[in-house]
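Topology and contacts: notes
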Amino acid sequence: MAAKSDGAAAVAGPGPEEVAGGARGGAGGRGEAAAVAGGAEVTGAGGPGPRYELRDCCWVLCALLVFFSDGATDLWLAASYYIQGQRTYFGLTLLFVFLPSLVVQLLSFRWFVYDYTEPAGAPGPAVSTKDSSAGGPVISTKDSAVALRTKEGSPEVGARPAPSSARAYRRRCCRLCVWLLQTLVHLLQLGQVWRYLHTLYLGLQSRWRGERLQRHFYWRMLFESADVSMLRLLETFLRSAPQLVLQLSLIVHRSDGDSESYSNRFQQLPAFSTFASLLSLAWTLASYQKVLRDSRDDKRPLSYKGAVVQVLWHLFTIAARSLAFALFASVYKLYFGIFIVAHWCIMTFWVIQGETDFCMSKWEEIIYNMVVGIIYIFCWFNVKEGRSRRRMTLYYCIVLLENAVLTGFWYSSHNFTTDFRSLILVCVVASSFALGIFFMCVYYCLLHPNGPMLAPQAPGCICPESPRPCGPPADAITSPPRSLPRTTGAERDGVSVAGERAGTPTPPVFQVRPGLPVTPVARTVRTERPVIRIDLPRKKYPAWDAHFIDRRLRKTILALEYSSPTTPQLQYRSIGTPQELLEYETSV
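Summarised in this report is the structure supplied together with it. (Residues numbered from 1 in each chain as written. Predicted model: local features only at pLDDT ≥ 70, side-chain atom pairs only at ≥ 80, totals over all residues. Heavy atoms only, no water.)

Counting residues in hydrophobic clusters, the biggest one holds 100 residues, and the most contacted among them are Phe237, Tyr288, Trp313, Tyr376 and Phe381. Sort the elements by how many residues they give to this core and helix α5 (residues 211-257) lands first, with 18 residues. Residues in contact with Phe381, not counting those within four places in the same chain, are Leu233, Leu285, Tyr288, Gln289, Tyr368, Val372, Ile375 and Tyr376. (Core = buried A, V, L, I, M, F, W, Y, C linked by side-chain atoms within 4.5 Å. Buried < 20%, exposed > 50% of the residue type's maximum accessible area, 1.4 Å probe, protein only. Helix = DSSP H or I, 4+ residues; strand = E, 2+ residues; numbered from the N terminus. Contact = heavy atoms within 4.5 Å.)

Cis peptide bonds are those with omega within 30 degrees of zero, and the linkage from Tyr541 to Pro542 qualifies with 15 degrees. Structurally, Pro542 can be placed in the loop between β8 (531-537) and α13 (546-549). Positive phi, close to 60 degrees, is recorded for Gln189, a residue that is not glycine. Among the structural elements, Gln189 can be located in the loop between α3 (165-187) and α4 (191-208).

Let us now look at the packing of aromatic side chains. Inspection of the entire model under this criterion finds 34 aromatic pairs. Ring centres of Trp313 and Tyr444 lie 5.9 Å apart, and the angle between their planes is 65 degrees; on these two criteria the pair is classed as edge-to-face. Here Trp313 is found in helix α7 (residues 304-329), whereas its partner Tyr444 is found in helix α11 (residues 420-447), with 131 residues between them in sequence. An identical accessibility class is assigned to Trp313 and Tyr444; each is buried. (Phe/Tyr/Trp six-rings, centres within 6.5 Å; stacked < 30°, edge-to-face > 60°.)

Here we take up the side chain of Ser240. Its place among the elements puts Ser240 in helix α5. Excluding its chain neighbours within four sequence positions, the residues that come into contact with Ser240 are Asp70, Glu235, Ser277, Ser280 and Leu281.

Position of Leu560 relative to the elements: it lies in helix α14 (residues 551-563). Each C-alpha atom, one on Leu560 and one on Ile532, is 8.4 Å from the other, the two residues being 28 residues apart in sequence.

Once that is clear, we can look at the side chain of Gln243. Checked against the element boundaries, Gln243 lands in helix α5. The exposure class of Gln243 is buried, given its relative accessible area of 0%. Here Gln243 is in contact with Asp74, Thr93, Phe96, Val97 and Ser277, once residues within four sequence places are set aside.

Okay, here's the thing in structure tokens:
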């Protein structure tokens, strides 16, 4: 059975499909998951479950620290502008703080409503058993009803008994408290903080619980990490990026206008806010790439060393880009706005022309491309599968040219014969960009998950190569038997043919001859493990898998995984491969 994105199910044979393992190991030192379609061979995910490590917890705590430092410095700076009587700067700073936060909180609360709302008329998933002629158990779904099919003779999981009135009352009270708590959290603009803490809780639970619950909590932790990384990516480029350019422009403008009267106390506060916004941008990009790779079992995980180097790479390149923007905007405000809009339009059309496949609908894909266009104003962001070396080189050549032109226009408006500070700022832009490119080369040459850039790279899939040839399992019949020789009339009448004596009994026409070899052949032992077949082609990296994007599909998978005695295996439909049905079923 194949679970579609709308929660429906369709019958499908176990043809060649792409496999998505049930859970990934921890980044850096996590175990590698591998599986073969059809349940013939399972390694990694079928063995010891992944463990949530101490460094994963520290990474989440550092992300929380970066989040609070960015928001606190922005609010502190807005309060200082209000005390100074600078209402315009106060309003702009607060606008860049609360408007993006409001958008992200609405999206986060919408996700919570969808995840926590039960379907009408279905208080819980019904789990049943059914005979299956396939090698392993198969899980099927149909309109939020869940069916688990196991081999004959296995115990039935069965539906839960109807809860008593007191138990139902307590359940309704608990649900009401959760709704009130989530509403209060999102009204206080703390939805992301809650998701970070929930990720921490799920990770610790996956470490302390037994093997079955350990994998369940680890799946939920991966889903929550994906949600918070997407929300942070959206918020940082809607809030921290414009805040960074605004504060840098004000610092440059004020220092040019009246450097003596501008006190050190009010000059340090925008500097703190600027650094916090810059660190938030760099951290969010590296964290997003790490969570994305950790969520996909067909890609090698990103180590923490590689993530830290990515932070430095984005930190210096975005710093050079933002400083060039600030210098140009401090003199040419109108032309800076025109430049930003033109650059965003060009980058958005470039992304759309690449035909990305991240979202489940056309309009969501367009909105996503528009957000990526905003990201491309400041830094590189890979959105297309395949080698990105040429596209990245072209992008950074354009960025280098734009930085040089913007800084050159600003520098030409100053008296460069006496103003040495302007020359120092130009050198800061150039050196910061050079440092960013240096750390980028360090990452690709030494710390990339697929291996060094100049050396032969390892395949992106983490599945170990199987010694047996690719194709269907050994017990699958994929071609019809050879046609038997036609019998002549003389043979039917018992006449001697080709020296054979008449009356010799001839074998039946449709006799099945014994196969070779006669001795029993050792076959791979099938692992009794449920398989969730998703009737969708698997999205290519750097896109998220469909069960991370489609929340209805996610709910179905979590319900099936919790009801199953073992961790299910996910299989996506392969593209362009003919599928041969090995099992025939009828449905009424």
